[in-house]
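Each chain, letter by letter, is given below.
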Amino acid sequence: MTLLRDPAGLLDPYLVTPGDRTPGAVGLEVSAGLFVVTGASMLYAGRRRR
């Protein structure tokens, strides 16, 4: 196991086991949220031009 620390101190330290390559759920949620916000703003901007 390896203890990883954020050099900037913004994130809590966490343990990583060798071979553990699962993506973080928080990153996926943030990406999905940004995708929805971007899509909604594009739709709104497209509707305003007409």
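All of these numbers come straight from a predicted model, not from anything done at the bench.

**Focus: the overall build of the chain**
Scanning the chain from terminus to terminus reveals one helix and two strands. Each helix and strand of the chain, placed in order from N terminus to C terminus, yields the pattern β-β-α. Each of the 50 residues in the chain was classed as buried or not, and the buried ones make up 0%. Carbon and sulfur atoms provide 63% of the accessible area of the chain, an area that totals close to 5,000 Å².

**Details of the confidence of the model for the chain**
Looking at the chain, pLDDT values average 84 and 88% of them are 70 or higher. Of all secondary-structure elements in the chain, the lowest mean pLDDT belongs to strand β2 (residues 14–16), at 80, while helix α1 (residues 25–48) reaches the highest, 90.

**As for the environment of Val16**
The residue Val16 is located in strand β2 in this model. For Val16, a relative accessible area of 23% corresponds to the partly exposed category. With residues up to four places along the chain from it excluded, the contact list for Val16 reads Met1, Thr2 and Leu4.

The rules behind these values
- Residues numbered from 1 in each chain as written.
- Predicted model: local features only at pLDDT ≥ 70, side-chain atom pairs only at ≥ 80, totals over all residues.
- Heavy atoms only, no water.
- Helix = DSSP H or I, 4+ residues; strand = E, 2+ residues; numbered from the N terminus.
- Buried < 20%, exposed > 50% of the residue type's maximum accessible area, 1.4 Å probe, protein only.
- Areas by Shrake-Rupley, 256 points an atom, 1.4 Å probe, with all protein chains shown as cover.
- pLDDT = per-residue confidence, 0-100.
- Contact = heavy atoms within 4.5 Å.

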